[in-house]
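# A closer look at the structure
Letter by letter, the chains look like this.
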Amino acid sequence: MGRTKTVLGEKVREALASVLPITAIVLVLCFTLAPVPVDILLAFLVGAVLLIVGMGFFTLGAEAAMTPIGEQVGSKMASSRKLWVVVVLSFLIGVVVTISEPDLQVLANQVPGIPNMLLIGAVAAGVGVFLVVALLRILFQVPLQWLIIGSYLVVFILAAFFVPKDFLTVAFDSGGVTTGPMTVPFIMALGLGVSSIRSDENAAQDSFGLVALCSVGPILAVLILAMCFPASGSYTPSAMPEAADSRALSGLFLAAFPEYAKEVFLCLFPIAAFFAAFQVLALRLNFKKVLKIVVGILYTYIGLAVFLTGVNVGFLPAGTYLGRQIAALPYAWILAPIGMLMGWFIVQAEPAVHVLNRQVEEITSGAISGQAMSASLSAGVAISIGLAMVRVLTGISIFWFLVPGYLAAVTLSFFVPKIFTSIAFDSGGVASGPMTATFLLPFAMGACEALGGNIVTDAFGVVSMVAMTPLLTIQLLGLLYQWKLKRAETPEEIPDDEIIEL
C-alpha cells in the first residue's frame with residue numbers, strides 16, 4: 001500500500017509538470033489578450049486540477065493493468081503458432097479496445113449524416129482489420145513503410161476522387177482520435193507480447209508500428225461511410241459553463257461526473273470481460289497477478305472518469321471561448337504563434353504520450369531518451385497547430401498540408417533507422433489524444449466561428465494535422481541519431497554524451 005501511494009505521488013507530480021505550462025499560458029491570455037468570464041476561468045482551473053489527478057491515476061492504472069494484459073494476451077496468442085487464432089483474436093481485440101475508446105463517442109456525436117452506432121461499429125471494424133495486418137507484419141517481418149505507403153495511397157485516392165469534401169477533415173481526424181488513452185497502452189503492449197516469441201535482434205523494434213497502422217482503419221471506415229451517407233446537419237458549438245457562485249461551479253462538475261463515469265465503465269467493461277474470459281480459457285495467471293491487474297483496471301477507471309470530467313467541463317469551453325476572443329482581435333494573425341505555443345506544451349498533457357515515451361526508452365535501453373521524444377513531439381505538435389491556425393485564417397484545403405507532409409514522411413522512412421520510422425508513425429496517433437480533441441479543436445472551432453469560416457472544413461482537421469507532424473520530427477531525430485552513431489567508433493559503443501537527449 002505504501003509503495004502504491006509513492007508511485008501514485010510520482011505519477012501525479014509528472015502530471016502536474018505536464019499540465020502546469022498550458023494552464024499558465026491560458027491564464028496569461030485570460031489576463032491580457034483574451035479576457036474571459038470568471039465562471040469559465042474558474043471552471044478551467046478546477047478542470048486543470050482534475051486533469052492532474054486523473055492523469056496520475058490513469059498512468060498508474062495503465063502500467064498495472066493495460067500493459068500487462070496486452071503483453072500476456074499477445075504472447076499467448078502468438079505462441080499458439082496458429083494463424084487463424086492470431087487473425088480472429090487480434091480482430092476481436094481491435095474491435096473491443098476501439099469501442100472502449102472514450103474519444104470515439106465524441107467523434108460520433110460530431111459527424112453529421114451517419115448514425116452514431118453505425119459509425120462506431122465501422123470504425124471499430126476498421127481498427128480490427130488493421131490490427132490483424134499489424135500483428136501479421138510482426139510475425140512475417142514485413143517492412144512497415146510499404147504497408148504505410150499502400151494504405152495511405154488508397155486513403156488519398158478515395159479522399160481526392162470519391163468522398164464529399166465536408167467529410168475529409170472529419171475522416172482524417174478520426175484516425176488520431178480513435179488511438180487515445182485506452183487504445184494505445186493496450187495495442188503497444190500487444191505488439192511487445194507478439195514480438196517476444198521472435199528471437200531475432202529486430203523483434204523488439206518491430207513491436208512499434210501497430211498504432212500507426214491502426215490509425216488508418218478509422219480513416220478508411222469514415223471515408224467509405226461518407227460515400228454511402230450524404231452529409232447533413234452541422235456542428236453545434238458547446239455551451240459555456242454558467243455558475244453564479246462556488247456551489248453552482250462545483251455542481252457543474254458533480255453533475256457531469258456520473259455521466260463520464262458511466263461512459264468510462266461502458267468503455268472499460270469489454271476489455272475487462274475479454275481479459276476475464278482469456279484468463280479462464282488460456283492465461284491462468286496466479287491470484288496475485290490477477291489482483292494487481294484488477295486494481296490497475298480500477299485505477300484506470302477512476303483516472304479516466306476524472307480526466308474526462310475535467311477536460312470536457314473545464315477545458316473544452318475555455319478553448320472555444322479563447323479561440324473566439326483571440327480571432328476577434330484586430331491582429332487575428334496572432335492565432336498562429338499562440339496556437340504553436342499551446343501546441344508545444346499541451347502534448348505533454350496527453351496520457352498516452354507518457355506511455356509511449358516510457359516504452360521507447362525501455363526498448364532502446366535509454367539510447368532514445370524520454371526527454372528527446374518529448375521535445376520532438378512538442379516541436380511537431382507546435383508546427384501542426386500553427387499550420388491548423390493558418391487554415392482557420394485562410395480556409396486553405398487540408399490536402400495542401402497532408403499530401404506533402406505524408407510524402408515527406410514516407411521519403412524519410414527510407415533513410416532513417418527502421419525503429420524511428422515505426423516510433424514516428426506511432427507517435428502521430430499517440431499525440432492526437434483527448435487534450436487535442438477537447439481543447440485545441442474547440443480553440444480552432446471558436447476562432448473559425450468568430451472569423452465566419454466553415455467549421456466543418458476549416459476547423460476540423462486539427463487532430464489530423466497533429467497526427468502528421470510527429471512523423472517528420474521523430475524521423476528527423478532518427479537522422480540525428482544515425483549521424484551520432486557514425487561519429488562513434490563502433491555502432492555498439494555509444495559514448496554517454498552521444499545518447500539522444502534534447
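Structure: see above.
This next bit is on the side chain of Ser427. Its location among the elements puts Ser427 in helix α18 (residues 418-431). Take Ser427: its relative accessible area is 0%, and that puts it in the buried class. Here Ile423 takes part through its backbone oxygen, which lies 2.7 Å from a polar atom of the side chain of Ser427.

The next subject is the side chain of Ser413. In this structure, Ser413 sits in the loop between α17 (399-412) and α18. Non-local contacts of Ser413, meaning those with residues more than four positions away in its chain, are made with Gln145, Thr421 and Gln475.

Turning our eyes to something else, we now look at the packing of helix α3 (residues 83-99) against helix α5 (residues 116-140). At a minimum axis distance of 7 Å, the contact between α3 and α5 shows a crossing angle of 140°. Classified by the interaxial angle, the pair formed by α3 and α5 is oblique. Two packed elements cross with a definite hand, and for α3 against α5 that hand is right-handed. Considered class by class, the residues forming the contact of α3 with α5 number 19 nonpolar, four polar and no charged.

The subject of this paragraph is unusual backbone geometry. Within the chain, Gln141 stands out as a residue other than glycine whose phi angle is a positive 55°. Its location among the elements puts Gln141 in the loop between α5 and α6 (144-161). A positive phi angle, near 55°, is found at Arg284, a position not held by glycine. On the secondary structure map, Arg284 appears in the loop between α12 (246-283) and α13 (287-327).

Taken N-terminus to C-terminus, the directions of α5 and helix α8 (residues 183-195) make an angle of 30°; their axes are 9 Å apart at the nearest point. Taken together, the axes of α5 and α8 are roughly parallel relative to one another. In this structure, α5 meets α8 at a crossing whose hand is right-handed. For the pair formed by α5 and α8, the contact residues are Leu131, Leu135, Ile138 and Leu139 on the first element and Ile187, Leu190, Gly191, Val194 and Ser195 on the second. By residue class, the composition of the contact of α5 with α8 is seven nonpolar, two polar and no charged.

Turning our attention to the environment of Ser369. Within the secondary structure layout, Ser369 lies in the loop between α15 (351-363) and α16 (370-394). Relative accessible area serves as the criterion here: at 5%, Ser369 is assigned to the buried category. With 12 residues separating them along the chain, Ser369 and Asn357 place their C-alpha atoms 7.9 Å apart.

Met77, Ile93, Leu223, Leu322, Ile326, Met342 and Phe439 are the most contacted members of the largest nonpolar core, which has 164 residues in total. Counting residues per element, this core draws most heavily on helix α2 (residues 38-79), which supplies 16 residues. Counting five residues, the second largest nonpolar core, distinct from the first, contains Val7, Leu8, Leu60 and Tyr299.

What counts, and at which threshold
- Residues numbered from 1 in each chain as written.
- Predicted model: local features only at pLDDT ≥ 70, side-chain atom pairs only at ≥ 80, totals over all residues.
- Heavy atoms only, no water.
- Helix = DSSP H or I, 4+ residues; strand = E, 2+ residues; numbered from the N terminus.
- Buried < 20%, exposed > 50% of the residue type's maximum accessible area, 1.4 Å probe, protein only.
- Polar contact = N/O pair within 3.5 Å; in protein donor to acceptor, adjacent residues only side chain to side chain.
- Contact = heavy atoms within 4.5 Å.
- Axes fitted to C-alpha atoms, helices over the stretch in contact; angles between N-to-C directions.
- Parallel < 35°, antiparallel > 145°, perpendicular 65-115°, else oblique.
- Left-handed = near helix turned anticlockwise from the far one by under 90°.
- Nonpolar A, V, L, I, M, F, W, Y, C, P; charged D, E, K, R; others polar.
- Core = buried A, V, L, I, M, F, W, Y, C linked by side-chain atoms within 4.5 Å.

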